[in-house]
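What follows is each chain in one-letter form.
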Amino acid sequence: MMIDPVRDLGKLLLEVEKPVRYIGGEYGRLAKTGAALKTAIAFPDLYEIGMANQALRILYKGLNRIEGVSCDRLFAPAPDFEALLERSGTPLYGLDTGIPAGELDLLLVTLGYELGITGLLTILKASGIPLHAAERREDSPIVILGGPCVSNPLPYSRFVDAAWIGEAEAGFFELAESLRGLKQAGQRRSAVLERLREHPSVWVPGKAAVRAIDRDFPRRGPDAAVFPVPNLKTVQHHGAVEIMRGCPNGCRFCHAGYWYRPMRQKPAEIVRAEAAAFIREGGYREISLSSLSTGDYCHIGDLVESLNKEFGGQHISFQLPSLKVSSFSLPLLEKIAKVRKSGLTFAVETPEDAWQMAINKKVSLQQITGILREAKKNGWRGAKFYFMIGLPVAQLGLEGSGEEEAIVDFILAAAQETGMHFNINLGTFVPKPHSPYQWAAQLDEETALRKLNYIRGRLKARGHKVGIQDPFISSIEGVISRGDERAGELIEEAWRRGCRLDAWTEYFQRDIWREVMDAHRDWVDETLGARPPGAQFPWGIIDPGLSPAYLAREYVKSAAQEQTGACSRDCGLPAGPPSGPPSGPPSGQPCGICHGKERVVENPGALPLPAPEAVPAEDQETAAETRTDPATWKILFAFSKEKQGAFYSHLMVVEILSMAMVRTGLPIGYTGGFNPLPCLEIASPLALGIAAGAEVAAVETASFVSGEDFRDLMNARLPEGIRIGETINLHIPPGKKKHSLAAVLWGGLYEDPDGAGPAAVPFSAEKAYRQERAGPQGSPYGMRRLTVLAKVSGQPERSASYFDVYQELYQAEP
């Protein structure tokens, strides 16, 4: 039986934090019922983290495009909801279809951070799926792990049946079609698992695997399918267009930079089309052009300028994360700040020139201060810096013991040069598999803490804000990422003793993890220690496509402070066309990833700039006349909040309505300032758990929009639980007073469950009325506000419909 959380859990949902995490109903859901192959992506962290995850989007949309395959979504429950599920006897379920997770064929887990693994164990327990792969039955789902953490799958081997190594676009969807065929033929779990074992990019215990690389990434057309738009703001609440996969720079500390080779850039026209889909289909007002090093995207400045010209008039802004210092320029900063001014971030990592040469990343103080001085002239007042301690520069023969003093000196010098104060984030370096520093030792916790405290104490005293990552957490990350099957024992022991959502400070159980780590101290120290040349790594069973000899050479070059150039299109390939015969020796210093099928791909050119829209002369005159006090069009509308809608908070409703308005393409009015927002107001916020028949809101529009068009376009683009009802369009001439909804609020009209008739309650008494109705348990669930009432003009003690009052105040259009 499918689970409907509102029906099956009802008012119990109000006992947990943010119940919207668990009720589904988002706009843009794609999963279907009745599919031959039933899958779900299980993200091992909270909803607001998972819904911003790029891998989840790729898998969800790719699998749901396949006929006969359904892919649902589920997320790790917070401890309060985990307890509620157990208390109520409800298994964890998919948000799209309500399918219990234990009834799936495949449970797909994407793991981007090692400490997220306890979230997977919680998902398995809450779903009734045996924790250990060896204990699963023929009716159990097959648990498949993916993501960058599977570059070493051994620590997770006791919990998963298989791991997909590499990029899903490079074969996983074709594999899913094959598995669907098995299910349609009546084959059981064992046959499906055997088919998985046969794939070269599927790892199972006792088998090696080769990383799958999506060579068609630059040529894939834009994906216009709507990914479910979260009703709860996510940690990165914007549309993320992946403009480049991989990175050309070869920073020796960066696991992702090696794991996702080679660099592949999407053509600008595909980037533009995907950005347009996020805006028009998703309703996002901020678009991130994401990659590991966005500044290395060819023609990035031209791309941003073209996007601004096309979408800036719609108040859409574009962000460029991961800009390296050499790609910063004042013109580029001005382009990305055209609509919304974002912060400046510099990932310096280590401050001394020699150490930067060793890690293959050059970020000079002079470059940074030059950028900051120019930025300050244009309105920026500060910046954020990232540094790591424990990079293996000291172990490789450099003077690295004073890195804490060097970081302090670097920041103080930058502050003196610019007159700015900074936010500094500090972490402890974790050497990762399949990178040049996989042989290096991780800095011990005691030394790391001493260094971090030194930096924090010196810089906070000078007015800078300093945040540090707990070095003990870094030690756990190192043990899991570098360990073998024994790491699974630590993970399970910590989880059984209560560890949950370890990436969150408020949930992290330090004492439990400390006891678990100490109980295995000898092995932990060995795992975090240095590895000799020629050592056999646990992760040697995984072929990332990189030459082991290349990684070893990079480790030696680090000791010699010798840099390696960025990846280029002809590095490691013959000088002739990619499809032609070898015509000469390889150029550059090949890593082994480019060998005919795989190679570096760059954006071939810039987008043409859109032609400026011509404004008729009469419109220019009208605009000039009314610039200081223009005429205003306003749509007054009612909307209901039923079922899921009762669990949407006021701020959620504001964002849901705002994003739906962007999706309509209607000429919505916006506020001014650095962060323009739709000119939307709601008459009276409603407490969580209370349903509503006709809440009242209003939005300004730049021109006339019929109420009927507004209602129909909005209702086609809203999530479950909210629907637009009555609407009128109001015209406010220049000079006419604008009455806000709050200024004329009288109170609310509530449904009486005893059948005595509706109760009109003044706003000043609403809170007390709801508390009295809630009873001794204090739950407002089951209450329903029929509508919101306005004060009658000139008779504030009397109430009437907002629509009647506003039609008297302004001219109402049909």
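Preceding this paragraph is the structure being described.
Please read all numbers here as calculations on a predicted model, not as lab measurements.

J.: How should the sheet that holds strand 8 (residues 239-242) be read in this particular structure?
T.: Strand-to-strand pairing in sheets goes through backbone hydrogen bonds, with the strands running parallel or antiparallel. Strand order across the open sheet formed by three strands is 8-11-12, with parallel pairing between neighbours. Each edge of the open sheet carries a strand with a single partner, namely strand 8 and strand 12 (317-319). Mean inter-strand twist for the sheet, computed between neighbouring axes without regard to direction, equals 25 degrees. The pairing of strand 8 with strand 11 (residues 286-290) spans four bridges and is classified as parallel. Each bridged residue has a counterpart across the sheet, and for Ala240 the counterpart in strand 11 is Ser288.

J.: Just checking my understanding: could you explain the pattern of salt bridges for this structure?
T.: Oppositely charged side chains are able to pair whenever their charged atoms sit close together. Throughout the structure, instances matching the rule amount to 56 salt bridges. One salt bridge connects Asp105 with Lys38, and the closest N-O pair in it is separated by 3.8 Å. Pair noted here: Asp105 is in the loop between helix 4 (79-88) and strand 3 (106-110) and Lys38 is in strand 1 (residues 37-43), with a separation of 67 residues, a long-range link. On the accessibility criterion, Asp105 (13% relative accessible area) is buried.

J.: It is not clear to me how the nonpolar core should be interpreted in this structure. Could you clarify?
T.: As a rule of thumb, soluble globular proteins bury nonpolar side chains together. Core analysis: the biggest nonpolar cluster contains 218 residues, and Leu289, Phe385, Phe637 and Leu657 have the highest contact counts within it. When residues in this core are grouped by element, the largest group, eight residues, is from helix 22 (residues 650-664). Residues in contact with Leu657, not counting those within four places in the same chain, are Phe637, Phe639, Leu680, Ile682, Met714, Leu718, Ile722 and Ile724. Counting residues in hydrophobic clusters, the runner-up holds 20 residues, among them Leu636, Ala694, Ile732 and Ala790.

J.: When you look at the sheet that holds strand 6 (residues 202-203) in this model, what are you seeing that I'm missing?
T.: Taking strand neighbours across the sheet as the criterion, the six strands line up as 2-1-3-4-5-6 in an open arrangement whose pairing is mixed. Every interior strand has two partners, whereas the edge strands, strand 2 (69-75) and strand 6, have only one. Across seven bridges, the pairing between strand 1 and strand 2 is parallel. Across the sheet, residue Leu37 finds its bridge partner in strand 2, namely Val69. Docked against the sheet, helix 3 (residues 54-64) engages strand 1, strand 2 and strand 3, running at close to 155 degrees with respect to strand 2.

J.: Any chance you could explain the environment of Leu303 here in plain terms?
T.: Residue position: Leu303 is located in helix 10 (residues 300-311). Sequence-wise, Leu303 and Arg381 are 78 residues apart; in three dimensions their C-alpha atoms are separated by 26 Å. If sequence neighbours within four positions are ignored, Leu303 has contacts with Ala268, Val271, Leu289, Tyr297 and Leu607.

Cut-offs and rules
- Residues numbered from 1 in each chain as written.
- Predicted model: local features only at pLDDT ≥ 70, side-chain atom pairs only at ≥ 80, totals over all residues.
- Heavy atoms only, no water.
- Pairing = 2+ DSSP bridges.
- Helix = DSSP H or I, 4+ residues; strand = E, 2+ residues; numbered from the N terminus.
- Axes fitted to C-alpha atoms, helices over the stretch in contact; angles between N-to-C directions.
- Salt bridge = Lys/Arg side-chain N within 4 Å of Asp/Glu carboxyl O.
- Buried < 20%, exposed > 50% of the residue type's maximum accessible area, 1.4 Å probe, protein only.
- Core = buried A, V, L, I, M, F, W, Y, C linked by side-chain atoms within 4.5 Å.
- Contact = heavy atoms within 4.5 Å.

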